[in-house]
Amino acid sequence: VLAVVLGSCMPPDEPVLAPEPEPTVAPEVRIGLLLTATSASIGGGEALRVVDPDEGLLVEVPRQEMLTLSRRGTGVVLRGVGADIVRRRLVIEPAEPEGTVRVAGRDYRGVLEVEQGASGVRVVNRVSIEHYLIGVVGAEMGNRSAEEFEALKAQAVASRTYALRQQANAGSRGYDMVADINSQVYAGLALEQPLAARAVEETRGEILTWQGEPIDAFFSSTCGGETEDGTAAFAGADRPYLRSIADRDAQGTAWCAISPRYRWEEQWSMAQLTAVLRRTLGANGLPLARATDLTEMRVLDRTATGRIAVLELAGRNGRTSVSGQTIRRVLAPTTGGMLRSTDFVVKLSRRGGRIDRVTIEGRGYGHAVGMCQYGAIGRARAGQDYLTILTSYFPGTTLSRNY
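Quick notes on the rules
Residues numbered from 1 in each chain as written. Predicted model: local features only at pLDDT ≥ 70, side-chain atom pairs only at ≥ 80, totals over all residues. Heavy atoms only, no water. Disulfide = S-S within 2.5 Å. Buried < 20%, exposed > 50% of the residue type's maximum accessible area, 1.4 Å probe, protein only. Pairing = 2+ DSSP bridges. Helix = DSSP H or I, 4+ residues; strand = E, 2+ residues; numbered from the N terminus. Axes fitted to C-alpha atoms, helices over the stretch in contact; angles between N-to-C directions. Phe/Tyr/Trp six-rings, centres within 6.5 Å; stacked < 30°, edge-to-face > 60°. Lys NZ or Arg CZ within 6 Å of the ring centre and 35° of its normal. Salt bridge = Lys/Arg side-chain N within 4 Å of Asp/Glu carboxyl O. Contact = heavy atoms within 4.5 Å. Parallel < 35°, antiparallel > 145°, perpendicular 65-115°, else oblique. Left-handed = near helix turned anticlockwise from the far one by under 90°. Nonpolar A, V, L, I, M, F, W, Y, C, P; charged D, E, K, R; others polar.

So, on to the state of the cysteines. Tallying each qualifying case throughout the model produces 0 disulfides. Summary of cysteine pairing: Cys223 is not part of a disulfide, and the nearest cysteine sulfur, belonging to Cys372, is at 3.5 Å. Note on Cys256: no disulfide assigned, nearest cysteine sulfur contributed by Cys372 at a separation of 4.0 Å. Judged by its relative accessible area of 0%, Cys256 falls in the buried class.

Let us look at the sheet that holds strand E19 (residues 294–302). Within the open sheet, the 3 strands sit side by side as E19-E20-E21. Their pairing is antiparallel. The open sheet has two edge strands, E19 and strand E21 (318–323), and neither has a second partner. Neighbour-to-neighbour, the strand axes of the sheet open up by a mean angle of 20 degrees, direction not taken into account. In terms of strand pairing, strand E20 (residues 308–315) meets E21 through 6 bridges, oriented antiparallel. Considered in E21, the bridge of Glu312 is made with Ser321.

Applying the stated rule across the entire model yields 4 aromatic pairs. Plain terms: the ring middles of Tyr108 and Tyr186 are 5.6 Å apart, the flat faces sit at 55 degrees to each other, and that makes the pair tilted. Remark: Tyr186 occurs in the loop between strand E14 (177–178) and helix H3 (194–202) and Tyr108 occurs in strand E11 (residues 106–108); sequence separation between them is 78 residues. Residue Tyr186 is classed as buried on the basis of its relative accessible area of 3%. Relative to Phe234, the ring of Phe218 lies with its centre 4.3 Å away and its plane at 20 degrees, an arrangement referred to as stacked. A residue pair is termed long-range when its members are at least 10 positions apart, and Phe218 in the loop between strand E16 (213–214) and strand E17 (219–220) and Phe234 in the loop between helix H4 (230–233) and strand E18 (263–269) qualify at 16 residues. Using a relative accessible area of 13% as the deciding quantity, one classes Phe218 as buried. A network of ring pairs unites the aromatic residues Tyr108, Tyr132 and Tyr186 as a single cluster. Above the ring of Phe149, the side-chain terminus of Arg198 is found at 4.0 Å from the ring centroid. Its guanidinium or amino end placed over the ring of Tyr393, Arg379 lies 5.1 Å from that ring's centre, counting from NZ or CZ.

Our next topic: the pairing of strand E5 (residues 56–61). Looking along a regular strand, one sees side chains alternate from face to face of the sheet. The pairing of strand E4 (residues 48–52) with E5 spans 5 bridges and is classified as antiparallel. Within the sheet, the bridge partner assigned to Leu48 lies in E5 and is Val61. What sits between the antiparallel neighbours E4 and E5 is a turn of 3 residues.

A word on the pattern of salt bridges. Inspection of every chain in the model, using the stated rule, returns 30 salt bridges. Arg307 is paired through a salt bridge with Glu228; the nearest N and O atoms lie 3.7 Å apart. Placement of Arg307 in the loop between E19 and E20 and of Glu228 in the loop between E17 and H4 is noted, with a sequence separation of 79 residues between them. For Arg307, a relative accessible area of 5% gives the class buried.

In terms of burial, E20 is a largely internal element, 8 of the 8 residues being buried. Alignment of E19 against E20, held across 7 bridges, turns out to be antiparallel. Residue pairing for E20: Leu294 is matched across the bridge by Gly315. Between E19 and E20, which pair antiparallel and follow one another directly, the connecting turn spans 5 residues, one of which, Gly306, has a positive phi of 95 degrees. With antiparallel pairing between neighbouring strands as the criterion, E20 and E21 make up a hairpin whose turn holds 2 residues.

The next point concerns the sheet that holds E5. Taken together, 7 strands build an open sheet; the order of strands is E5-E4-E9-E12-E13-E2-E14 and the sheet is mixed. One side of each edge strand has no neighbouring strand; the edge strands of this open sheet are E5 and E14. Looking at chain direction, strand E2 (residues 28–37) and E14 are connected through 2 bridges and run parallel. Considered in E14, the bridge of Gly32 is made with Val178. Running over the sheet, helix H1 (residues 129–141) touches E2, strand E13 (121–128) and E14 and is turned about 105 degrees from E13.

Let us now look at the packing of helix H2 (residues 149–168) against H3. H3 packs onto H2 with a crossing angle of 60 degrees between their chain directions and a minimal axis gap of 8 Å. When the interaxial angle is binned, H2 and H3 end up oblique. Here H2 runs over H3; the crossing is right-handed. Contact with H2, carried on its side by Phe149, Leu152, Lys153, Ala156 and Arg160, involves Leu195, Ala196, Arg198, Ala199, Val200 and Glu202 of H3 and no other residues of that element. Its residues assigned to classes, the contact of H2 with H3 shows 7 nonpolar, no polar and 4 charged.

Next up, the structure:
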């Protein structure tokens, strides 16, 4: 495996292209839109068909007709079409070819598979991977310009690779991925963009492989000028192609310096931090005591790239160590979500010997493993094509056509 040092005078490895297979139909993927909803609205957009997989068509739903879905016994019940429809499993499909289905106010391509979840109902969008990717690339990369098109193509290949890898490991849970940051952001038609659709089409079927298998194509928003080793963020992600690389141009400027999250600051008053810790410590299996007796924050260990690996929360009655990406979940901003990254310094303000305010000054956004999305945008603006971008972030991999 050849390591690629980005931003130096040495060019990246030439991308490796595998022989193309005979064209085949793109596979479908299953995206968990709702997993434990008490109820959900169905319809309100295009006309629909409600189907029992064993019995066939049950009812046709006119345009703009709204239905309500909930759980009943060991199955689900659909209300709003005359008599309640109660079945173990239902399929909601568009009435017209190339139509869309609407759930919870959002339109999706493909069909909806509905059944009971662990609690409430589960709604899964079964859709061609190529249609799915249009929504993913638009959601993950936003509305980009023509000069950034190669970054969209790189994202399309990375997202397709990630999806097929997840599908292979999905098991029997009933869906391959979810529709948020725990997999890839996906909002159906709402965030589709014309350039994203073109990027998906021009890379149709292309994935990155290692020894013939789809790679773990991780990506995040902003690496801050240096990506992270896989194992620093994900247990078991010891992959030859997931190694930290310097992500800077020939002048030493980070490719992702254009990101609005390249530098950031987060602050809490002690009262605010106490409220946050009361919520996040227990949720992450850590003692709640540090929420009310915090006297110090110390960095115990850093990764090879300087990111915080272990942060100690010390109190009068003990100490709690927080590791890896759990740090981002525990030190949640007051506005919600996760702390932007683990690449930060802590500043404590005190009054009367007690902590009064905590300020974090940080860099980057996300786990920083694999492809840096804003880095890819910066590289595209500088004229790099999507093959160069991908081989820079995933050195030693092969670009293959899967179908």
